[in-house]
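# Summary of the model geometry
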Amino acid sequence: PVREVRRLQSVCDKAGAELVALDQNPIDAVWKDRPEAPVGAVALHSEKLAGRSASEKISEIQAAIAAKDAGACVLTQPDSIAWLFNIRGSDVTHNPVPLSFAVVPATGKPSLFIDGRKLSNSVRETLHVLVDVEEPQAFKAKLASLGQAGASLMIDPALAGQGIADAIVNAGGQLIEAADPVLLPKAIKNGAEIDGARAAHLRDAVAYAKFLCWFDDIAPSGELDEIGAAEKLEQFRLETGVLKDISFDTISGAGPNGAICHYRVSRKSNRMIPVGRPFLIDSGAQYEDGTTDITRTLAVGEQSAEMSRHFTLVLKGHIAISSARFPLGTTGAQLDTLARIDLWKAGLDFDHGTGHGVGAYLSVHEGPQRIAKTGTVPLKPGMILSNEPGYYPAGEYGIRLENLELVTEPSGIEGGERPMLAFETLTLAPFDLRLVDRDLLSDAERDWLNAYHAKVLAQLSPLLDNKTLTWLEEATTAI
Ligand SMILES: [Mn+2]
């Protein structure tokens with residue numbers, strides 16, 4: 001990206017070094033068995049799920065481009081392109097996006113640069129109404145011809161490659177640097193996308209409850225390993241019959257592996273899940289109507305008082321975020337502290353953000369919103385964010401508790417003056433009460449936990465088999 005090249009340039013300047021751009025990537029010379037670029041099939045994303053037509057979205061984005069006095073905007077993010085044209089792809093594992101580029105003029109028909117082998121005749125016909133479909137090889141020539149015509153082209157310096165900026169400028173064009181105009185509208189989900197997210201989470205919760213019930217049967221034997229747990233969870237999700245993919249590689253962390261934040265289980269690292277330590281599992285699903293992401297930390301056998309204390313401190317942070325009320329204009333950075341304050345008081349912390357944006361059957365991580373020290377974007381109604389504080393005593397175990405939260409419309413509070421935003425929790429799964437130290441929770445926190453568990457039980461009970469329902473009733477007992 002342009003911004004990264006600038007950063008490297010300034011580092012090189014300081015060090016008295018020279019940053020040299022090459023025409024050929026030197027890795028290509030030695031990468032003999034490089035696979036061909038993927039040609040995953042493109043599917044149309046229905047207007048019923050998207051909530052808006054592609055032509056309506058294109059008009060909105062064109063107005064944003066015109067407002068920047070740009071002749072056109074170059075889109076480089078596959079999820080921005082997928083959102084704008086109401087398409088989904090299968091080029092990237094766990095992310096339903098087609099690899100492609102697009103040039104959207106302030107007026108007139110956009111151009112989509114995509115390998116034609118990804119498009120069936122019917123998809124191509126539908127797209128042709130909206131865009132000029134061109135092969136990827138034509139992309140650079142298009143940038144050059146716009147440059148030669150003296151056009152002003154909008155690019156996002158954090159996302160667009162330096163090669164794109166060079167192609168425009170070298171041909172005589174002007175650059176207008178601005179945030180990808182799709183990011184914000186994509187982040188703010190409309191009514192159809194919110195309904196879809198709720199449906200996806202309810203479906204996912206049924207699979208998840210079955211997994212938790214199964215886990216409690218098997219794990220205390222000490223004969224379950226990380227891969228076995230991850231595969232079983234995926235199997236329950238597959239049994240929904242509508243799983244498109246998991247939304248990322250499951251983080252299944254037993255004992256010390258749980259303390260590695262972005263741990264990814266492999267055949268080599270695979271551990272047996274030890275009895276007597278919490279087990280962390282972070283996973284998610286892609287359904288046509290929504291993307292999920294959930295982390296639970298589960299008791300396996302007896303847990304020490306120290307483990308429960310750590311778990312409960314993390315839970316307090318999770319509850320503080322979930323129950324927060326805040327005015328319009330509040331950023332994720334302002335809320336981030338709420339997730340940490342009880343850990344800080346105990347001399348503890350965690351080294352990742354508290355939450356990230358989540359797409360609507362798109363990337364499980366999307367901007368621009370986040371709950372983190374770097375979260376400078378105000379939270380808006382319709383945004384979906386994760387709420388996932390943690391604590392990771394190195395070499396011992398990991399604790400993380402994650403739900404997805406929807407930012408609601410501002411509403412009044414009894415006795416209050418100003419309308420406040422809130423979070424509606426989308427994820428529906430119990431927190432492991434065997435790890436909760438009741439005495440560390442305030443009355444309000446206990447009320448929150450009991451109300452959440454009552455909601456989980458009420459929503460799931462009509463959908464569960466008897467065995468899972470009996471398990472869930474026990475798991476959601478009021479404390
Ligand atoms: Mn997450």
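The rules behind each value
- Residues numbered from 1 in each chain as written.
- Predicted model: local features only at pLDDT ≥ 70, side-chain atom pairs only at ≥ 80, totals over all residues.
- Heavy atoms only, no water.
- Helix = DSSP H or I, 4+ residues; strand = E, 2+ residues; numbered from the N terminus.
- Rg over C-alpha atoms; globule rule 2.2 N^0.38 Å.
- Contact = heavy atoms within 4.5 Å.
- Areas by Shrake-Rupley, 256 points an atom, 1.4 Å probe, with all protein chains shown as cover.
- Lys, Arg positive; Asp, Glu negative; His and termini not counted.
- Charge placed at Lys NZ, Arg CZ, Asp CG, Glu CD.
- Domains from an automatic or database assignment.
- Buried area = accessible area lost by both parts, 1.4 Å probe.
- Polar contact = N/O pair within 3.5 Å; in protein donor to acceptor, adjacent residues only side chain to side chain.
- Pairing = 2+ DSSP bridges.
- Axes fitted to C-alpha atoms, helices over the stretch in contact; angles between N-to-C directions.
- Buried < 20%, exposed > 50% of the residue type's maximum accessible area, 1.4 Å probe, protein only.
- Salt bridge = Lys/Arg side-chain N within 4 Å of Asp/Glu carboxyl O.
- Donors = N, O, S within 2.8 Å, 3.2 Å for Na, K, Ca; no water.
- Core = buried A, V, L, I, M, F, W, Y, C linked by side-chain atoms within 4.5 Å.

## Focus on the overall build of the chain
Of regular secondary structure, the chain possesses 15 helices and 21 strands. Computed over its C-alpha atoms, the radius of gyration of the chain comes to 24 Å, within 12% of the 23 Å expected for a compact globule of 479 residues. Here the C-alpha coordinates of the chain stretch approximately 70 × 60 × 50 Å along the principal axes. Pairs at least 24 apart in sequence give 68% of the contacts found in the chain among residues at least 6 apart. A total of about 21,100 Å² of accessible surface is found on the chain, and carbon and sulfur atoms cover 53% of it. With 46 positive and 63 negative side-chain charges, the chain shows a spacing of 2 Å between the two charge centroids.

## Focus: the domain arrangement of the chain
Here the chain is described as being made up of domain 1 (39-181) and domain 2 (188-475). Centre-to-centre separation of domain 1 and domain 2, based on C-alpha positions: 34 Å. Taken together, the 15 residues of domain 1 in the interface contact 17 residues of domain 2. Across the interface of domain 1 and domain 2, roughly 1,200 Å² is buried in total on both sides, 53% from carbon and sulfur atoms. Joining domain 1 to domain 2, the criterion identifies eight residue pairs in polar contact (both at pLDDT 80 or more).

## Structural notes on the sheet that holds strand 10 (residues 251-254)
The strand order across the open sheet built from three strands is 10-11-14, with neighbouring strands paired in antiparallel fashion. With one partner strand each, in any of the chains shown, strand 10 and strand 14 (294-298) form the two edges of the open sheet. Sheet twist, expressed as the mean angle between neighbouring strand axes with direction ignored, is 10 degrees. Judged from the four bridges that link them, strand 10 and strand 11 (residues 279-283) form a sheet pairing that is antiparallel.

## Structural notes on the side chain of Asp156
Take Asp156: it is sitting in the loop between strand 7 (152-155) and helix 8 (162-170). For the buried Asp156, no salt bridge is present, and the opposite-charge side chain at shortest range is Arg3, 5.1 Å distant. In this structure the side chain of Asp156 is engaged in a polar contact, spanning 2.8 Å, whose partner is the backbone nitrogen of Asp180. Sequence-distant contacts of Asp156, that is, excluding residues within four places in its chain, are made with Ala178, Ala179, Asp180 and Leu183.

## A word on the pairing of strand 2 (residues 72-75)
Of the two faces of strand 2, the one holding Ala72 and Val74 and the one holding Cys73 and Leu75 are both buried throughout. Across four bridges, strand 2 lies against strand 4 (residues 101-105) in antiparallel orientation. In the sheet register, Cys73 faces strand 4, and the bridge partner there is Val104. The pairing of strand 2 with strand 7 spans two bridges and is classified as parallel. Within strand 7, the position partnered with Cys73 by the bridge is Met154.

## Things to note about the coordination of the manganese ion
In ideal tetrahedral geometry, four donors around a metal make angles of 109.5 degrees, whereas ideal octahedral geometry with six donors gives angles of 90 or 180 degrees. For the manganese ion, the protein coordination sphere consists of Asp293 (OD), His356 (NE2), Glu388 (OE) and Glu402 (OE), at 2.1 to 2.4 Å. Here the donor residues for the manganese ion map to a single chain with the spacing D-x62-H-x31-E-x13-E. Highlighted residues: His356 in strand 15 (residues 355-357) and Glu402 in the loop between strand 19 (399-400) and strand 20 (403-407), separated in sequence by 46 residues. Given the relative accessible area of 0%, Glu402 is considered buried.

## Some points on the sheet that holds strand 9 (residues 245-246)
Read across the sheet, three strands follow the order 9-12-13 without closing on themselves; strand pairing throughout is antiparallel. Each of the sheet's edge strands pairs with one partner strand only, and the pair in question is strand 9 and strand 13 (290-291). Judged from the two bridges that link them, strand 9 and strand 12 (residues 285-287) form a sheet pairing that is antiparallel. Paired with Asp245 across the two strands is Gln286, which belongs to strand 12. Strands in contact with helix 10 (residues 191-218) are strand 12 and strand 13; relative to strand 12, the strand with the most contacts, it is inclined by about 130 degrees.

## Things to note about the nonpolar core
Membership of the largest hydrophobic core comes to 61 residues, with the highest contact counts inside it found for Phe211, Phe215, Ile273, Phe279, Leu315, Leu449 and Leu460. Every element with two or more residues in this core is listed here: helix 10, helix 11 (226-238), strand 10, strand 11, strand 14, helix 12 (305-322), helix 14 (443-460) and helix 15 (466-475). Counting residues per element, this core draws most heavily on helix 10, which supplies ten residues. Counting residues in each nonpolar core, the second largest holds 31 residues, with Ile61, Leu75, Ala102 and Val133 among its members.

## Some remarks on the environment of Glu402
Separated by 25 residues in sequence, Glu402 and Thr427 have C-alpha atoms that sit 8.5 Å apart. When sequence neighbours within four positions are dropped, the list of residues in contact with Glu402 reads Asp282, Asp293, Ile294, Thr295, Arg296, His318, His356, Ser386, Asn387 and Glu388.

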